[in-house]
Amino acid sequence: MTQTATQSSMNTNSKTDTPLMQVKNLAVSFDNGSGPRIQAVDGVNMTVYPRQTLAVVGESGCGKSVTSMSSMQLIPRPPGRFDRGEINYRLESGKQVNLLTLTEQQMRSVRGNEIAMIFQEPMTSLNPVYTVGDQIIEAISLHQDVTAKEAWNIAVRSMDDVGIPDPESRMKAYPHQFSGGMRQRVMIAMALACQPRLLLADEPTTALDVTIQAQILELIKELKATRDMGVILITHDLGVVAENADVVCVMYAGRVVEYANVYDLFDNPRHPYTRGLLASIPKIGVDHDRLITIDEIVNNPEEFKKLPGAEKGVTPWWPWNEPPQDLVKLDQPAGDYHLQEVAKNHWVGVWHTKGVVGDESKAPQLNYRVVDNA
């Protein structure tokens, strides 16, 4: 990946230099009937700043959506449970709160107003018996002190912003009268109508064609810049990540395996799983009889010896490998795992071996933004 941008270190605005939300050692599990609890997330750390897009990537089931839904307290409990950790959020007033400790009434003032979410499947999020206009207006009226006419105008403008043709008349339509892509645009319009400070976008453009996808991502970029909005973008599309992310968090099996700014991650992936993800993507101008699979990378022992400090026993964490013989497991949850800063502002999930005992790597806090030079 060619770096055509620079870090936005010139910005001295204290509001954008302070984290908007920090996820610290989050663990979430689900009841499995008579079997052991399923640990969906096990010690996740990540930070997002205003005017920054943090892309969270990884396979289905790795814990991406569970992490984001936890910050909205949308995990059904039971069967879900917050086992440990904090999600610290800086309110518009400047006050810092742990979202996991808020009551349901307190969370209502945060959801939609401070933090909004675009869900992956719009049909399960839209009420089939109400018009889409009524549903957008309800969200606006709940969080903004506006008249009915002003709420209507905001809703129409929001639908127009996401490319819905003839928004005035479409306000009166029901969800079943929209295509899948149009329903996704309605969800995006609803999320953005209240001008949230943090947007959680869970595969926001999955059902859209590439032209509309580009328009939506450009709209999110514009809102991020004009409103100091932070974005957590959950996606499988590494092309979308390369074009839109500032910082990338790679997850696997409920843990962070790599965390770095977008250029460092694409130019110098440190964990074998990240290298496998990138190697499995076809590249323009390069002929292959067959694509390299992720398994070919992670099943190669030599790939685990490329990490800085490997000669001292620093080994990338991988749940399907036998733990190293020099493992020093701590008497605590996730005691076999450690998130180490292996290079400046570049973290990798490693086994807690003798080689990392005493390592004082700070949790990821990467105030990095990509700024166009053009």
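Here, every reference points to the structure presented above.
Residues numbered from 1 in each chain as written. Predicted model: local features only at pLDDT ≥ 70, side-chain atom pairs only at ≥ 80, totals over all residues. Heavy atoms only, no water.

Concerning the overall build of the chain
Thought 1: The helix and strand inventory of the chain stands at twelve helices and 14 strands.
Thought 2: The C-alpha atoms of the chain give 21 Å as radius of gyration, which agrees with the globular expectation for 374 residues (21 Å, within 12%).
Thought 3: Its C-alpha atoms give the chain principal-axis dimensions of roughly 65 × 50 × 50 Å.
Thought 4: Residues classed as buried in the chain amount to 53% of the 374 residues present.
Thought 5: Contacts spanning at least 24 positions in sequence make up 67% of the contacts within the chain whose residues lie at least 6 apart. (Helix = DSSP H or I, 4+ residues; strand = E, 2+ residues; numbered from the N terminus. Rg over C-alpha atoms; globule rule 2.2 N^0.38 Å. Buried < 20%, exposed > 50% of the residue type's maximum accessible area, 1.4 Å probe, protein only. Contact = heavy atoms within 4.5 Å.)

Observations regarding helix α5 (residues 148-161)
Along an α-helix, residues three or four apart share an orientation, since each turn contains 3.6 residues.
Thought 1: Given a rise of 1.5 Å per residue, 14 residues ought to cover 20 Å, and the 20 Å separating the end C-alpha atoms of α5 matches this to within 8%.
Thought 2: Of all the residues in α5, the buried ones are Ala151, Ile154, Ala155, Val156, Ser158 and Met159.
Thought 3: Lining the buried residues of α5 we find α4 (132-143), α6 (167-170) and α7 (180-193).
Thought 4: Remark: Gly163 follows α5 within two positions and exhibits a positive phi of approximately 85°. (Expected span 1.5 Å × (residues − 1).)

Focus on the pattern of salt bridges
Thought 1: Enumeration according to the criterion identifies 14 salt bridges in this entry.
Thought 2: Of the charged contacts, one joins Asp83 and Arg81 as a salt bridge, the two residues approaching to 2.6 Å between their closest N and O atoms.
Thought 3: For Arg81, a relative accessible area of 42% corresponds to the partly exposed category.
Thought 4: For Asp336, the salt bridge identified is with Arg255, shortest N-O distance 3.2 Å. One end of the pair, Asp336, is in the loop between α12 (294-298) and β12 (337-343); the other, Arg255, is in strand β11 (residues 255-261), and 81 residues separate them in sequence. Of the two residues, Asp336 and Arg255, both sit in the buried class.
Thought 5: One salt-bridge network, in which partners are shared between bridges, spans Asp42, Arg84, Arg255 and Asp336. (Salt bridge = Lys/Arg side-chain N within 4 Å of Asp/Glu carboxyl O.)

Some points on the pairing of strand β10 (residues 247-252)
Thought 1: Within β10, six of the six residues are buried, which leaves it mostly tucked inside the rest of the structure.
Thought 2: Here β10 shows a buried face lined by Val247, Cys249 and Met251 and a second buried face lined by Val248, Val250 and Tyr252.
Thought 3: Inspection of the sheet shows strand β4 (residues 53-57) paired to β10 by four bridges, in the parallel sense. Paired with Val56 across the two strands is Cys249, which belongs to β10. (Pairing = 2+ DSSP bridges.)

Re the environment of Val132
Thought 1: By the element assignment, Val132 lies in helix α4.
Thought 2: Using a relative accessible area of 0% as the deciding quantity, one classes Val132 as buried.
Thought 3: Taking C-alpha positions, Val132 is 9.6 Å from Ala155, a pair spaced 23 residues apart along the chain.
Thought 4: Discounting chain neighbours no more than four positions away, the residues touching Val132 are Met159, Arg170, Met171, Ala173, Tyr174, Pro175, Phe178 and Val186.

Some thoughts on the sheet that holds strand β13 (residues 346-351)
Thought 1: The strand order β7-β8-β9-β4-β10-β11-β13-β12 describes an open sheet built from eight strands, whose pairing is mixed. Both outer strands of the open sheet, β7 (115-118) and β12, are each paired with one neighbouring strand and no more. Sheet twist, expressed as the average angle between the axes of neighbouring strands with direction ignored, equals 20°.
Thought 2: Where β4 meets strand β9 (residues 230-234), four bridges bridge the pair, whose relative direction is parallel. Each residue of the ladder has a partner; that of Thr53, found in β9, is Val231.
Thought 3: Of the strands in this sheet, β10 and β11 are in contact with helix α11 (residues 272-279), which crosses β10 at around 105°. (Axes fitted to C-alpha atoms, helices over the stretch in contact; angles between N-to-C directions.)

Quick word on unusual backbone geometry
Thought 1: Following Arg77, the chain continues into Pro78 via a peptide bond in cis, with omega recorded as -10°.
Thought 2: Here Pro78 is to be found in the loop between α2 (64-71) and β5 (80-90).
Thought 3: With an omega of 10°, the peptide bond between Pro78 and Pro79 qualifies as cis.
Thought 4: Tracing the backbone shows Pro79 in the loop between α2 and β5.

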